[in-house]
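Chains, contacts and geometry: an overview
Given next are the chains, with one letter for each unit.
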Amino acid sequence: MVTLLDTTDRPAEISRPRHPEKARRPDTPMQRKPDWLRVKAPGSPVYRDTQKIVKDNGLVTVCEEAGCPNIGECWSKKHATFMIMGDTCTRACAFCNVRTGMPEPLDGEEPRKVAEAVAMLGLQHVVITSVDRDDLADGGAEHFVEVISAIRAAAPGTTIEILTPDFLRKPGALERVVEAKPDVFNHNLETVPGLYLTVRPGARYYHSIRLLDRVKQLDPTMFTKSGIMVGLGEERNQVLQLMDDLRSADVDFLTIGQYLQPTRKHHVVERFVTPEEFKSYEAIAYAKGFLMVSSSPLTRSSHHAGEDFARLKAAREARSQ
């Protein structure tokens, strides 16, 4: 039996279950990872410098909270994805390792602290994501706006990519965030519609499609992006249909990566998709009209985001000629 207790260095939270909604679930088997999913343990001097900046500013990163396998590579390049509005999500997705429960009140100083960290790291491109905050009237939309504004002031040369929740049943929230003009608006579908009830029960697939479509309606020049995991039990044709749904919303950039099971209490890995299959998905997605596709076992939404943003702009320019 796995005991799901927080192991961070915050004493007041030692006895707080990280995933209380999953504690009574039966254990599921965890498969051994194939060779193509093995990565080096982090620990370079630059990695430690990045870790110190994050810690000294009291910030949360999705790199740590979600247990991203690319943290060593990204932090060694001073690339970090900041997770705003706390470390506790109001939803309980079966795939996610972020803590769930009732979040703390918003930190009014967080926009300034994030902006200062962005400037200290010298980031040319930054990704800002968040937990779901269904407890807030606007789902945290205004907080996103304040973070974007603070980064623009502290690091005017930095391009900003946001990875947002779905703002379900939060009228006007999406419009407010788009008005702040991030350079890339990302909202992940995570999986195919047939798996939402078991994998992402708090979300609605077609609401997410409509959200991405609405971003383009509000600002046709804004780059949009979405991503999914494979290996959750989806079928190939379902993935291809999802691509068509995203193209119907004029989404520019698609990411596809392998789902990795955080603990025995999370959704099981149904299979490890081979690198060859990822390449096939990439070719099909390009044929369907996406400007950019990142499809590989270790692909994550914010992995190589800066380099990919440059390629995304170049692809749009080339297509418009």
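Quick summary incoming for the structure in this document. Throughout this description, residue numbers start from 1 for each chain and increase along the sequence as written. pLDDT decides what is reported in this predicted model: residues at 70 or higher carry local features, side-chain atom pairs at 80 or more are listed and counted, and totals for whole chains, interfaces and linings draw on all residues regardless. Side-chain calculation: all heavy atoms of the structure are included, whereas hydrogens and water are not.

1. Things to note about the packing of helix α8 (residues 205–218) against helix α9 (residues 236–248)
Two numbers describe how α8 lies on α9: the axes approach to 8 Å, and their chain directions differ by 35°. Contacts between α8 and α9 involve Tyr205, Tyr206, Ile209, Leu212 and Asp213 from the former and Leu242, Asp245, Leu246 and Ser248 from the latter. Working convention: axes come from line fits to C-alpha atoms, limited for helices to the stretch in contact. Angles between N-to-C directions cover 0 to 180 degrees. Secondary structure is summarised from DSSP: a helix means a run of H or I of at least four residues, a strand means a run of E of at least two, and numbering begins at the N terminus for each. The contact criterion used throughout is that any non-hydrogen atoms of two residues lie within 4.5 Å.

2. Side note on the packing of aromatic side chains
Note on ring pairs: Phe, Tyr and Trp rings are taken, using the six-membered ring of Trp, and paired if centres are within 6.5 Å. Classes follow the plane angle, with under 30 degrees stacked, over 60 edge-to-face and the rest tilted. Tallied over the entire structure, the rule returns four aromatic pairs. Both rings, one in Phe144 and one in Phe167, keep their centres 6.4 Å apart while their planes meet at 80°; by these two values the pair is edge-to-face. Note that Phe144 is positioned in helix α5 (residues 141–154) and Phe167 in the loop between β5 (159–163) and α6 (173–179), a separation of 23 residues in sequence. Accessibility assignment for this pair places Phe144 and Phe167 in one class, buried. Ring centres of Phe223 and Phe309 lie 6.0 Å apart, and the angle between their planes is 90°; this geometry places the pair in the edge-to-face category. In this pair, Phe223 is assigned in strand β7 (residues 223–230) and Phe309 in helix α11 (residues 305–320), connecting sequence segments 86 residues apart. Burial classes: relative accessible area under 20% of the type maximum marks a residue as buried, over 50% as exposed, and values in between as partly exposed (1.4 Å probe, protein chains only). A residue is classified by how much of its surface remains accessible, and Phe223, at 6% relative accessible area, is buried. Here the aromatic cluster, defined as three or more aromatic residues joined through ring pairs, consists of Tyr196, Tyr205 and Tyr206.

3. Notes on empty space enclosed by the protein
A cavity, in this analysis, means grid points on a 1 Å lattice covering only the protein atoms where a 1.4 Å probe fits yet has no way out; a pocket is instead an open set bounded by protein on both sides within 12 Å along at least five of seven lines, and a residue lines either one if it has an atom within 4 Å of a point. Grid points are joined across faces, edges and corners, and a volume is the space filled by probe spheres set on the points. Tallied over the full model, the rule gives one cavity of 30 Å³ or more. Its volume calculated, the largest cavity comes out at about 40 Å³. Residues belonging to the lining of the largest cavity are distributed by class as follows: three nonpolar, one polar and six charged. Each residue gets one label: Ala, Val, Leu, Ile, Met, Phe, Trp, Tyr, Cys and Pro are nonpolar, Asp, Glu, Lys and Arg are charged, and the others, such as Gly, are polar.

4. Looking at the pattern of salt bridges
A pair is scored as a salt bridge if a Lys or Arg side-chain nitrogen falls within 4 Å of a carboxyl oxygen belonging to Asp or Glu. Enumeration over the complete set of coordinates arrives at 21 salt bridges. Where Asp132 meets Arg91, a salt bridge forms, and the shortest distance between an N and an O atom there is 3.7 Å. With Asp132 in the loop between β4 (125–130) and α5 and Arg91 in the loop between β2 (88–89) and β3 (99–100), this pair connects stretches of sequence that are 41 residues apart. Assigned by exposure class, Asp132 and Arg91 land together as buried. In this structure, Asp252 and Lys216 form a salt bridge, with 2.8 Å as the shortest nitrogen-oxygen distance.

5. Some details on the state of the cysteines
By convention in this document, the label disulfide applies to cysteine sulfur atom pairs within 2.5 Å. What the rule picks out here adds up to zero disulfides. Cys89 carries a free sulfur, and the closest cysteine sulfur to it, the one in Cys93, is 6.5 Å from it. Just so you know, Cys96 is unpaired, no disulfide at all, and the nearest cysteine sulfur is the one on Cys93, 6.3 Å from it. The exposure class of Cys96 is partly exposed, given its relative accessible area of 22%.

6. Some details on α8
A rise of 1.5 Å per residue sets the reference length of α8, with its 14 residues, at 20 Å; its end C-alpha atoms lie 20 Å apart and thus fit the reference within 8%. Within the span of α8, buried status applies to Tyr205, His207, Ser208, Ile209, Leu211, Leu212, Val215 and Lys216. Where α8 is buried, its residues meet α6, β6 (184–186), α7 (196–199), β7, α9 and α11. Under the convention used throughout, the expected extent of a helix is 1.5 Å for every residue step, that is, one less than its residue count.

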